[in-house]
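A structural walkthrough
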Amino acid sequence: MIKGVNKQILEVTNTENPYFEKIIFFVKPEYKNTDRKTIQREAEALASISQKPPRARIGKKRIIKIILNSALFTGAGVALSFIINTFV
């Protein structure tokens, strides 16, 4: 454990998670005198919980761009089909 000026810090480097290399926990002042093994066990238990990272949100501008591109390509396809059917 690394002791700071006012905080006690616990660093977990074996996260067993593909997304995170290490996790740093700041121990609450009221628990700084708790047994080190207990604190370490709790930190490792929290670190071992594996969840998927949250999905990135798609902004309004991106949604509008997707809809506009879809409409333009559909219109181009319809126009091309009309031209081909007219001349063939």
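Now for a description of the structure that goes with this document. (Residues numbered from 1 in each chain as written. Predicted model: local features only at pLDDT ≥ 70, side-chain atom pairs only at ≥ 80, totals over all residues. Heavy atoms only, no water.)

Let's shift gears to the overall build of the protein. Along the protein, the regular secondary structure elements total two helices and three strands. Ordered by position from N to C terminus, the α and β elements of the protein give β-β-β-α-α. In the protein, which comprises 88 residues, the proportion classed as buried is 10%. (Helix = DSSP H or I, 4+ residues; strand = E, 2+ residues; numbered from the N terminus. Buried < 20%, exposed > 50% of the residue type's maximum accessible area, 1.4 Å probe, protein only.)

Glancing now at helix H1 (residues 36–48). Spanning 13 residues, H1 covers 18 Å between terminal C-alpha atoms, matching the ideal 18 Å at 1.5 Å per step. The secondary structure elements touched by the buried residues of H1 are strand S2 (8–12) and strand S3 (23–27). (Expected span 1.5 Å × (residues − 1). Contact = heavy atoms within 4.5 Å.)

Counting across every chain of the model gives one salt bridge. Lys22 is the partner of Glu11 in a salt bridge, and the nearest nitrogen-oxygen pair spans 3.2 Å. Here the residue Glu11 occupies a position in strand S2, and Lys22 occupies one in the loop between S2 and S3, the gap between them amounting to eleven residues. (Salt bridge = Lys/Arg side-chain N within 4 Å of Asp/Glu carboxyl O.)

Below, the discussion takes up the nonpolar core. Among the nonpolar cores identified, the biggest contains six residues, and these are Leu10, Val12, Val27, Ile39, Ala43 and Ala47. Of all the secondary-structure elements, those providing two or more residues to this core are S2 and H1. Beyond its immediate sequence surroundings of up to four residues, Ala43 is in contact with Leu10, Val12 and Phe25. (Core = buried A, V, L, I, M, F, W, Y, C linked by side-chain atoms within 4.5 Å.)

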